[in-house]
Amino acid sequence: MHNAYKNEVKEFETIKNYYKPIQPTVKANHEEIVYQESHPDKDIENFVYCFWQLKTKKSLRESFVYRVVSDGCIDIFFNHNQPDENFVMGFCRKYTKFPIGETFNYIGIRFLPSAFPLLFGVDAKSLSNQSQELENVLPDFSRWITAEIKTIDSFEKITTQLNQKLIDIIKKKSLKYDLRFFNALNLIFKKNGFLDTEKELNTGLSPRQLRRIFNFYIGTTSKRFSNVVRFQHILNAKPSKQSLKENKLYFDVGFYDQAHFIKNFKTFYGVTPSEAFR
């Protein structure tokens, strides 16, 4: 990859270094369902957090409800058994439930915050709080998945294809971005989402510009996004039920009492912290 490009993407390294968007829906030791993640190629790691797969090992007794927690990201995903069923899911301000049947095999790309609009020029706000057919958003990419992804191929082979496809897209892009926006984003990550977005994001953008630019690149306001970053910080800390009681991690990121923390956590996760970390 040429030097001009390497210099250009330096701006995005902070996102990758500071932010690890977790989806903790399926326990690692689940007997019937596998969830796995694969790291992207070095050339695209500033834009893609991971490739992921969620599939059944055998038919379940009842339809599985997949709970997606808020992670601030945009995902492209498809049904491996029928790749023409491909979708995009935008920023979600709260957890989302999907009943996905007794057998399934989904593969996806989790883009780091701001990467999807940057690469594809799509307004993130138009994708927020919903999942929609990829054909309506990126028809060329949708057709490529339908044509190139084979149901017999392994997850490893498919991630190699997806890596190469995204490398090709990025190489052809001239990345135009507002440095003030990325400075604001980096501040949010460095503070783990715990900051007054009206007073502390003084990166040269007016409140109106900040709202407009966050809506375009993230799909929500800087304040809402900060709340998700704060929630993800708690998930990354992997607290136990006991340590949450003893260490009061939530005070460190600005929750003034336990009830406030539990209510906020439940909005993003769908269950209370004690249920999530038991």
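Residues numbered from 1 in each chain as written. Predicted model: local features only at pLDDT ≥ 70, side-chain atom pairs only at ≥ 80, totals over all residues. Heavy atoms only, no water.

> Report on the pairing of strand 7 (residues 105-111), specifying residues and quantitative values.
When you tally the buried positions in strand 7, you get 7 out of 7 residues, the bulk of the element. In strand 7, alternate side chains face the same way, and those of Asn105, Ile107, Ile109 and Phe111 on one face and Tyr106, Gly108 and Arg110 on the other are all buried. (Buried < 20%, exposed > 50% of the residue type's maximum accessible area, 1.4 Å probe, protein only. Helix = DSSP H or I, 4+ residues; strand = E, 2+ residues; numbered from the N terminus.)

> Go over the nonpolar core with me, naming the residues and quoting the values.
Ranked by size, the top nonpolar core spans 87 residues in total, and within it Ile76, Phe111, Phe116, Phe120, Phe141, Leu166 and Phe214 carry the most contacts. Broken down by element, the residue count for this core peaks at 7 residues, all from helix 5 (residues 155-172). (Core = buried A, V, L, I, M, F, W, Y, C linked by side-chain atoms within 4.5 Å.)

> So what's going on with unusual backbone geometry? Residues and values would help.
A positive phi angle, close to 60°, is found at Asn129, a residue other than glycine. Along the chain, the position of Asn129 falls in the loop between helix 3 (115-120) and strand 8 (131-133). Its identity is not glycine, yet Asn192 carries a phi of approximately 55°, on the positive side. Along the chain, Asn192 turns up in the loop between helix 6 (179-190) and helix 7 (197-200).

> So, the packing of helix 6 against helix 8 (residues 207-217): which residues are in play, and what are the values?
It is at 11 Å that the axes of helix 6 and helix 8 come closest, and there the two elements cross at 80°. Regarding the angle of helix 6 to helix 8, the classification is roughly perpendicular. Of the residues in helix 8, those touching helix 6 at Arg180, Phe181, Ala184, Leu185 and Ile188 are Gln209, Leu210, Ile213, Phe214 and Tyr217. Considered class by class, the residues forming the contact of helix 6 with helix 8 number 8 nonpolar, 1 polar and 1 charged. (Axes fitted to C-alpha atoms, helices over the stretch in contact; angles between N-to-C directions. Parallel < 35°, antiparallel > 145°, perpendicular 65-115°, else oblique. Contact = heavy atoms within 4.5 Å. Nonpolar A, V, L, I, M, F, W, Y, C, P; charged D, E, K, R; others polar.)

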